[in-house]
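One-letter residues, chain by chain:
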Amino acid sequence: SFIHQTNLNLGVSANPAVFGQTLIISANLVDGVSPTGNITFRDGANVLGTAPISGLSASIATDALEPGTHVLTAEYAGDALNRSEEHTSELQSHS
């Protein structure tokens, strides 16, 4: 069977963000074929949360980002039809 290439886009509801603000971090898969499973969201090595893929996207809400620069990553582990993929984006948070 053929494993399809996927592309993952990462978005944040506000960038820069204000400390304490609740942010929605979302990931959208494109070019995949009915992807299943979860997306894991990280701030550096710290896991912020995991969300199931619904359609082609998944999202989490967090207010746990301290002031400073954050390197956010969304990671998709892949499934029987789709390759794994990750995308990283930088976020600024200030007080």
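Everything below is about the structure shown above.
Residues numbered from 1 in each chain as written. Predicted model: local features only at pLDDT ≥ 70, side-chain atom pairs only at ≥ 80, totals over all residues. Heavy atoms only, no water.

Attention now moves to the sheet that holds strand 7 (residues 68-76). With mixed pairing, the 5 strands of this open sheet are ordered in space as 2-8-7-4-5. Taken across any chain shown, the strands that pair with only one partner, and hence form the sheet edges, are strand 2 (17-18) and strand 5 (46-52). Two strands pair when backbone bridges link them, and strand 4 (residues 38-43) and strand 5 are joined in this way by 6 bridges, in the antiparallel orientation. What sits directly across from Arg42, in strand 5, is Val47. (Pairing = 2+ DSSP bridges. Helix = DSSP H or I, 4+ residues; strand = E, 2+ residues; numbered from the N terminus.)

For the rest of this paragraph, the subject is the environment of Asn7. Relative to the assigned elements, Asn7 resides in strand 1 (residues 7-12). The class for Asn7 is partly exposed, based on a relative accessible area of 31%. Along the primary structure Asn7 and Asn82 are separated by 75 residues, whereas in three dimensions their C-alpha atoms are 9.9 Å apart. Those residues in contact with Asn7, other than ones at most four positions away along the chain, are Asn28, Leu29, Val30, Asp31 and Glu85. (Buried < 20%, exposed > 50% of the residue type's maximum accessible area, 1.4 Å probe, protein only. Contact = heavy atoms within 4.5 Å.)

One open sheet holds the 3 strands; their spatial order is 1-3-6, and the pairing between them is antiparallel. Edge strands, defined here as strands with exactly one partner in the open sheet, are strand 1 and strand 6 (57-62). Along the sheet, successive strands turn relative to each other by an average axial angle of 15 degrees, direction set aside. In terms of strand pairing, strand 1 meets strand 3 (residues 23-30) through 6 bridges, oriented antiparallel. By the bridge assignment, Gly11 is partnered in strand 3 with Ser26. (Axes fitted to C-alpha atoms, helices over the stretch in contact; angles between N-to-C directions.)

Turning our attention to unusual backbone geometry. Cis rather than trans, the peptide bond between Asn15 and Pro16 has omega equal to 10 degrees. On the secondary structure map, Pro16 appears in the loop between strand 1 and strand 2. One non-glycine residue, Asp31, lies in positive phi territory at about 75 degrees. Counting through the fold element by element, Asp31 comes out in the loop between strand 3 and strand 4.

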